[in-house]
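Observations on the model geometry
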Amino acid sequence: MSAQPGDGADTRVFHVHGGAAPGSNYKKLFTDNVVITSKYSFTPWSLNFIIWKNLFTQFQRLANLYFLLVATLQLLPYGLSPTGRYTTILPLTLVLMTTLAKDAYEDWKRHVRDREVNAQDVKAWRGNAWTTIEWSEMLVGEIVKVESSVSGGNFPADLILLESSDNQGICNIETANLDGETNLKMRTAFTEPPDCTHLPKFNAARPHEYKGTMSCELPNKDLYKFEGTLIRGPGPKDRFPIGTDAMLLRGSKLGGSTKWIIGLAVYTGKQTKLVRNQQEARYKKSTLELATNKQILYVFSFLLVLVVASAVGLAISTATSMGGHWYLASGDLNPYEQFGLGLATFLILFNNLIPISLYVSMELVKIVQAKLMNWDLEMYYEPSDTPAEARTSSVNEELGQIQSIFSDKTGTLTCNIMDFMKFSVGTHAYGSGVTEIARATAEREGRTLVDPRPSDLKMVKGFCFYDERVSDMAGDGKTWNWMQGEQAQEIGYFLKHLAVCHTVVTNITDDGLSEYTAASPDDVCLVTGVKYLGVEFVSRDAVETVLNVHSPGGRVTEERWKLLEVFEFSSDRKRMSIITRDPSGKLRLLCKGADSIIFELLAPPKDDRERHLRGLTFEYLKQFGSDGLRTLCIAEAVLDEQEYAKWQPIYRDAAEAVGKRDEKLAAAAAMMEKNLTLLGTTAIEDKLQEGVAATIEVLRTAGVNVWVLTGDKEETAINIGFACALLNQQMEIFKFGDLPGAEKARIAAKLREFSDMAKSLRQRNPNHDIGCVIQGNTLLGITGEDAPDVNRELFLELTACCKSVVCCRVSPGQKAEVVRLIKTHLKQVTLSIGDGANDVAMINEAHVGIGISGLEGLQAARASDYSIGQFRYLQRLLLIHGRWSYKRVSRVILYSFYKNMLLYLTQFWYCLFNFFTGQSLYDRWSLSGFNVAFAAFPVLAVGVFDRDIEPERILSLGQFPELYDEGRTGQCFNFLAFWGWSLTAIMQSAVCFFIPMLSLGDGIDSNEGGAVDMFWLGATAYTSVVWVVTLKSALITTSWTWVNHLTTWGSVFMWYVFLLVYGHAWTSPLGIGPEWYRIYEIIFADPKHYFVVIITVSTALFRDYAWMFAEGVFKPTLLHIVRAWEAMKRDEYLQDFNYNLMKRVHPHVLPRPRIKDKKKRRKAAPEGAPPGGPAPPPAGGTWAPGPAKEEEGSLSSPLIPQGAEDNPRVGYQQQGYADQGYHHAPHHPHYYSQRAGSYGHPVAPDPYGYPYQHGPPGAYDQSFRPHFPAPPPPGPWHGHGLHTGYAFSHGEAGDQIQLMASRIPHNAGAESIRWAPGYRPMHGHSVRPATIMSSSQMTGDPQSPQRSPYVDERVSRVSSPQSPYHPLHPSSARYHI
């Protein structure tokens, strides 16, 4: 009690009422409760004054220091500057002040928010009364009262809960502003044990009577940990531990039915956990910015070469008396002295080879790009009102360069909305239904799964269980058949276990209904599930849990379970336990957790029955995991009273420990969590989010490697990998199995074996699809601290060959280690995406961090660079915004250097004619205006608005995700690209100087008859430069908006306005610009000026236009052709185009062949037909599927959508499909005219004798031509005769192919009959199977003009099944184990 207050080496000590005690010095000992989030001060004498601090920050950029050096040299009174004294300092000041103004405005808004927060009211116990004070006046040790009606119920500091409006001292709080979690959390007021009768309890009416000393840990940022001890007296029984269950943190507020609380202030102001977690936004340097900095060093080296060469030229000219020009009076000058002065002069003259506006331009462009991401409605998730948010703009362009994505599973790929689906008790498993994962697994294996649940089953949120042995949810929902079953007692106790062992809080809504909330959605799902099975969780406080247990006949019994201890779940423990006393008085430990943990804690089996039970349970877990369900094992132990009594002091000591309390508590809990009895398991479904599979497939097609890092079992992870298209049937999959991390030699041997196989596969086929599945236990032998380097190197060799990797059973720390390994050693640009606090380490480790604003809170979103509402938005964020940002920022950088090199190298060429005297060719203020007016704005418009293609051209597999390669492989900005632009600038600078020089150097003024002077030459050359750089910006602009037109042509207009206005500046009060006084009157009146400018600009840009034309015509890329076809589509020469057409017409531009599943995902399946399986045969028919022989190159058959039976063409149009029977994909209108034959449908003899006529799309009647406006191509059709038609849409291996039978009776219009595997023939016709043949087999002549250009020869290697209803089953993926 006599400990001195203050912060020691390890602990903080203070007295209750310490801050409010008269004469206390707590204001000096502890920080006040003023919170300042602003960065700058607006007080001039403060060290944080905005001008001093902001300028200090800006001058940490080397470029700004460089320009400050140049400006200083210009200001020296030695006549060193040929461009005036202020031409650098003024633009530099403008750049610095622009940044300062932006920072000042943002900081002013923080000041306003700080004042509002610090001025909020709270009641404090002072002078034996509740007194209203401002938050800023609070001190450590004060007792305060927070009311829900005052200041929104927000807590002003970190408090220990002493009392609440609830009789049991329960307080419900909302922590959304603290950790982003929207569910209510429960806190329990600290109170002395019931047997502590010698000390007065806290009394809200007399808080001053409550005395004590608090000893706790020092202020820290851990939101989920607090270790403190309240010392009420000198004896050992007067010390009481306090943990997180009694902590109320600043940033959270009162919620639910709690009206008020009274708390003790522990941490205030900047020492609260909230403020300690509010780190300044991290400034990440993107790969592009780092590459730019490297190029700046090269340019600076080039600048030094020019400076030294020019200074040497000046020294030589001085030594030779300026070539005999006596009037220059150079004879008295020292060449060595002139060399030294020349270094400074030429550094000033050429200083802007490094553009002064580069960083400002990049920052402005990135800020607007980030705003455009925020405003993109295509990335707005309406159900949760969540828009995309760019939390930083510094790595926008990095989004367009991603090479590897690392994704969490739960809440990221899945919805994190749990449904109670199955469970097992003893030797019996209960529950039915088919999950999405199981359905995908069955389809992959060619099996049929039928959901046995009735179609009228009433589904409720969190509960989709159906089993007639347990309940009758299809009826009144109150019939529980398990109560009359043979396992009634076991199931009843199992359900009670689930209703007691959890962290769920009951909240009463405004409608008077109760709802469950918890930090874990799994807990809510389980408690909801048992509620609908007859055991309802009612409430819980610090003492007991109340259940309503239903019995047959509608009788309800209330049960109260005494709550003694709670051992909460953690990622290290992977289990949760409670010690409770059941209604009969028996002491029990209830435990639930991961199977890998629970099985280790079980008591040794007593007999064969227990061994059989565990074996069955293990099989149930394996089956549940294969179905993609989240599983938990449920166990218990009946505790001995004496053992529990001996254990309590150990647990109390651990709870009172200040320092490593969590570790000590976990060790104490483990002493009781042993010799458990297995009760059963639970299985809940977490569905995949919408569009996950399509997104991953598109990203993989774009060349991005995708990793999934999850804590699930291997079977679950693999099945989810197939369901979300991460893994596929054509993939070689390397599985490590459960190799312990300690067996490093075995791991190395397996890594070497797999690595050699992967490299061999890559050598045979560089595009071979390879995947890898590895467990966290094995990763310990690869990424662990004591792992040998050879394991790490072999793992990197293997993963470098893989397009997909699944890491299962991994911890949060291992996730970050894997990301770091790939980022550091493979030098790949990485992206991590997750939704929970366990993903923060991985998100912070990657180049780009993406947070999902999901049900697990906003921890991941707040730690991320960008946040989105759903995983599918990642596709648009990367392929659209990322790609555009990369291309735009690349052009801003390249153009900024280009335009400055072009202008300032003309100064160097002029030095060749003025004996290197350093005389400037241009007026000083025209030079200053170049980077801030005449050439600044066009590139900003390009950087913000330029769009080279329409978004839909890259967002689907039917289009061109391969276009993302430009950023992924760094094509737009690299050493060659940078110096290619630089060489262009050097060449064009020579053109812009020498053509005017040679044309006007010896010319005569046509108006006054005088010689053309230096200023006329300079104005003409400058005008040429302005036109060249402006038209260059127009040349690199791929999409024109009114902003582009305004900035492009406005820049030229601004230059001519400048000439007119500046021509009179000398006679103005400014008295500047005597050299160009009324120069416009001379040059504008002389035709030679216009002629020279036109010739100069045309010559300078001829190479650019010629190069672009030649590249597009003679060596086109995929982007060239896509843009050309888009232009044709806009001009209505082309209806549409897609990947298949590109593969037929221009296969050489595709960067790599695609790897597709042999089995395509279906759009829909007929009722009663299994996914991927056959439909029922027509009435009266039979179905006898035969084996399908398949080889490499087998083709899949997507189903025709339902609803097209009556009118197939209308049905297609309504469902958004092209008329696949006649033109599956639109084609180039000139493509047909280049073909000597027909459309080329392969045909085979028709045993039924139906007349079929085959021809090109649009060649039938007008009713069949709405999709294709072009006239039918010339060439013969298949003759009117007996054919069975198969309309293929480009039959290369693995590509989409549509099997159909098209019937067009002679002169009967466009009636058609179509069928595909899994669908019955329409209009009552039946079609016998026929062998799929190549076009040469069909025509009998390989060179026949009737040969189909759309069917690959490998189609002939596929035999059709013996029945038209039998699907072509794909072979399974090959596993290497």
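Please refer to the structure placed before this passage.
What you see is a predicted model; the values in this text were computed from it and never measured. (Residues numbered from 1 in each chain as written. Predicted model: local features only at pLDDT ≥ 70, side-chain atom pairs only at ≥ 80, totals over all residues. Heavy atoms only, no water.)

1. Digging into the sheet that holds strand β9 (residues 213-217)
Spatial ordering of the open sheet is given by β1-β2-β9-β10-β11, a layout of five strands whose pairing is antiparallel. With partners counted over all chains shown, the strands left at the sheet margins are β1 (6-7) and β11 (239-242), one partner each. Examined bridge by bridge, strand β2 (residues 11-15) and β9 share five bridges and lie antiparallel to one another. Within the sheet, the bridge partner assigned to F14 lies in β9 and is M214. Along the sheet, helix α16 (residues 641-656) makes contact with β10 (228-231) and β11, crossing β11 at roughly 70°. (Pairing = 2+ DSSP bridges. Helix = DSSP H or I, 4+ residues; strand = E, 2+ residues; numbered from the N terminus. Contact = heavy atoms within 4.5 Å. Axes fitted to C-alpha atoms, helices over the stretch in contact; angles between N-to-C directions.)

2. Some details on the sheet that holds strand β3 (residues 121-126)
Strand order in the open sheet formed by six strands is β4-β3-β5-β14-β6-β12, and the pairing between neighbours is antiparallel. The outermost strands of the open sheet, each flanked by one partner alone, are β4 (129-134) and β12 (247-248). Both strand β6 (residues 158-164) and strand β14 (residues 260-267) contribute to a ladder of six bridges, which runs antiparallel. Within β14, the position partnered with I160 by the bridge is L264.

3. Remarks on a negative patch on the surface
A cluster of acidic side chains, namely D222, D572, D662 and E663, defines a negative patch on the protein surface. Locating D572 in the fold gives a position in the loop between β23 (556-567) and β24 (575-581). By relative accessible area, which is 70% here, D572 ends up exposed. (Patch = residues over 30% accessible without salt bridge, like charges linked within 9 Å, V, L, I, M, F, W, Y side chains within 5 Å. Areas by Shrake-Rupley, 256 points an atom, 1.4 Å probe, with all protein chains shown as cover. Salt bridge = Lys/Arg side-chain N within 4 Å of Asp/Glu carboxyl O. Lys, Arg positive; Asp, Glu negative; His and termini not counted. Charge placed at Lys NZ, Arg CZ, Asp CG, Glu CD. Buried < 20%, exposed > 50% of the residue type's maximum accessible area, 1.4 Å probe, protein only.)

4. A word on helix α31 (residues 1014-1036)
Compared with the 33 Å implied by 1.5 Å per residue over 23 residues, the 33 Å span of α31 between its first and last C-alpha is a close match. Along α31, 20 of the 23 residues are buried, which leaves the element largely enclosed by surrounding structure. (Expected span 1.5 Å × (residues − 1).)

5. Here we look at the pairing of β9
Most of β9 is tucked away, with five of its five residues classed as buried. Here β9 runs beside β10; their pairing, made up of four bridges, is antiparallel. From the neighbouring strand, C216 faces β10, where its bridge partner is G228.

6. A word on the packing of helix α28 (residues 937-945) against helix α32 (residues 1042-1062)
Two quantities define a packed helix pair, namely the angle between the helix axes and the distance between the axes. Direction vectors running N to C along α28 and α32 enclose 170°, while the axes themselves pass 8 Å from each other. Taken as axis vectors, α28 and α32 run roughly antiparallel relative to one another. Along its contact with α28, which presents F937, P938, A941, V942 and F945, the element α32 presents V1043, N1044, T1047, T1048, S1051 and M1054. Class assignment of the residues belonging to the contact of α28 with α32 gives a composition of seven nonpolar, four polar and no charged. (Parallel < 35°, antiparallel > 145°, perpendicular 65-115°, else oblique. Nonpolar A, V, L, I, M, F, W, Y, C, P; charged D, E, K, R; others polar.)

7. Section: the packing of aromatic side chains
Within this structure, the stated rule accounts for 58 aromatic pairs. Measuring from centroid to centroid gives 5.8 Å for W909 and F994, while their planes differ by 50°, and the two rings are tilted. Remark: F994 occurs in helix α30 (residues 975-1000) and W909 occurs in helix α26 (residues 873-911); sequence separation between them is 85 residues. Centroid distance F934 to W1055: 5.3 Å. Interplanar angle 75°. Geometry classified as edge-to-face. (Phe/Tyr/Trp six-rings, centres within 6.5 Å; stacked < 30°, edge-to-face > 60°.)

8. Thoughts on α32
In this model α32 runs 28 Å from its N-terminal to its C-terminal C-alpha over 21 residues, within 8% of the 30 Å that 1.5 Å per residue would give. Maximal helix bending in α32 amounts to about 30°, located at G1050. Taken as a whole, α32 has its buried residues at V1043, N1044, T1047, T1048, S1051, V1052, W1055, F1058, L1059 and Y1062. Looking at the buried positions of α32, the neighbouring elements they touch are α27 (924-934), α28, α31 and α33 (1080-1083). (Bend = angle between axes of the 7 residues up to and from the residue.)

9. Quick word on the pattern of salt bridges
The full count for this structure, using the stated rule, is 60 salt bridges. Here E641 and R581 are joined by a salt bridge, their closest N and O atoms 2.7 Å apart. Placement of E641 in helix α16 and of R581 in strand β24 is noted, with a sequence separation of 60 residues between them. Overall, E641 belongs to the partly exposed group, its relative accessible area being 39%.

10. With respect to a nonpolar patch on the surface
A cluster of nonpolar side chains, F1053, V1057, L1060 and V1061, forms an exposed patch at the surface whose accessible area comes to about 380 Å². Within the secondary structure layout, V1057 lies in helix α32. Classification of V1057 by relative accessible area gives partly exposed; the value is 33%.

11. Notes on the packing of α31 against helix α34 (residues 1087-1114)
For the pair α31 and α34, interaxial distance at closest approach is 9 Å and the crossing angle is 30°. With respect to α34, the element α31 is oriented roughly parallel. Once α31 is placed against α34, the crossing between them reads as right-handed. For the pair α31 and α34, the contacting residues are W1016, T1020, T1023, S1024, W1027, V1028, L1031, K1032 and L1035 in the first and K1088, H1089, V1092, V1093, T1096, V1097, A1100, L1101, D1104, Y1105 and M1108 in the second. (Left-handed = near helix turned anticlockwise from the far one by under 90°.)

These figures capture arrangement, not role.
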